[in-house]
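Structure at a glance
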Amino acid sequence: MTLKVTVLGATGSYPSPDGACSGYLVEGAGTRLWLDAGSGTFANLQRHCPDLGALDGVILSHAHPDHWADVLGYQVVLRHIFKRQGVPAFGPPDLLLMLEAIHGPPGPELDWTTVSDGLTATVGGLGLRFSRTDHQGETYAVRIDADGTSLGYSADTGTGWGLSALGPGLDLALCEATLPPEEAGSIPHLTAAEAGRTAREAGARRLVLTHFQPGVDRERARALGSEAFGAPVEVATEGACYEVGS
Ligand SMILES: [Zn+2]
Ligand SMILES: [Zn+2]
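Remember, it's a predicted structure, so these values are computed and weren't measured experimentally.

Some points on the sheet that holds strand β6 (residues 110-114)
The seven strands lie next to each other as β6-β5-β4-β3-β2-β1-β14, forming an open sheet whose pairing is mixed. Edge strands, defined here as strands with exactly one partner in the open sheet, are β6 and β14 (241-245). The mean inter-strand angle of the sheet, taken between neighbouring strand axes irrespective of direction, is 20 degrees. Where strand β1 (residues 2-9) meets strand β2 (residues 23-28), six bridges bridge the pair, whose relative direction is antiparallel. Counterpart to G9 in the pairing with β2 is G23.

Okay, here's the thing in structure tokens:
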């Protein structure tokens with residue numbers, strides 16, 4: 001079983017001139033999930049999943065807009081164009097309040113589940129397990145399993161949380177590396193070295209760094225992350241695909 005992750009956006013906090021905010025298309029076991037919906041990712045999603053009716057669910061890690069702003073357009077598509085109902089959606093309680101303030105209750109288009117620490121769920125053939133991270137507001141990392149192959153996504157976090165909270169045997173860790181080393185600990189985010197360290201401690205087989213603030217030197221992040229991880233790491237770029245599993 002394989003899991004495929006396509007990067008729809010890898011910029012943190014706000015979009016860069018040529019980059020979307022956080023978002024990924026996760027495919028496995030015949031199921032497609034939109035994992036975080038930062039600004040710019042809805043446009044990129046349609047390059048990789050042109051049939052929006054083939055999307056099986058949406059996961060929104062937290063209420064910072066660089067992770068969910070584009071779901072507003074998706075709601076419009078579901079409600080007024082596709083007239084589709086019951087698409088599984090997962091997110092924290094404060095985000096539900098924001099969505100309700102803009103579009104009203106997310107149903108019936110979205111079948112909303114309010115996430116809590118330790119929540120497990122399935123969407124199609126994919127198993128989900130959420131873990132609350134060390135970040136402002138309720139923020140949830142998620143482990144996604146496809147019949148023995150696993151992805152761990154850190155969402156946003158400081159060093160008070162680690163990827164090991166998602167359990168052992170991660171085939172691919174997708175971990176934020178927001179900060180340059182000079183700003184370590186200044187706000188609840190990770191540097192590339194901290195991301196490498198938490199992935200190594202979790203025993204992840206492969207590490208992709210992501211959520212870079214505009215202007216951060218990604219090649220420097222690659223070097224620092226690789227040193228801490230103990231093996232070469234990858235640096236997420238828009239359109240990149242990572243496949244793991246047999
Ligand atoms: Zn963010
Ligand atoms: Zn955040």
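Quick notes on the packing of aromatic side chains
What describes a pair of aromatic rings is the distance from one ring centre to the other and the angle between the planes of the rings. Evaluation of the coordinates by the stated rule reveals five aromatic pairs. Ring plane angle 20 degrees and centroid distance 5.4 Å describe the contact between W34 and F42, whose orientation is recorded as stacked. Overall, F42 belongs to the buried group, its relative accessible area being 11%. Aromatic pair F42 and Y74: ring centres 6.0 Å apart, planes at 70 degrees, arrangement edge-to-face. With F42 in helix α1 (residues 41-48) and Y74 in helix α2 (residues 71-82), the pair connects residues that are 32 residues apart, well separated along the chain. With respect to burial, F42 and Y74 carry one shared label: buried. Here a set of aromatic residues connected by ring pairs shows up, and it is made of W34, F42 and Y74.

Here is what the cut-offs are and how they apply
Residues numbered from 1 in each chain as written. Chains lettered and ligands numbered in written order. Predicted model: local features only at pLDDT ≥ 70, side-chain atom pairs only at ≥ 80, totals over all residues. Heavy atoms only, no water. Pairing = 2+ DSSP bridges. Helix = DSSP H or I, 4+ residues; strand = E, 2+ residues; numbered from the N terminus. Axes fitted to C-alpha atoms, helices over the stretch in contact; angles between N-to-C directions. Phe/Tyr/Trp six-rings, centres within 6.5 Å; stacked < 30°, edge-to-face > 60°. Buried < 20%, exposed > 50% of the residue type's maximum accessible area, 1.4 Å probe, protein only.

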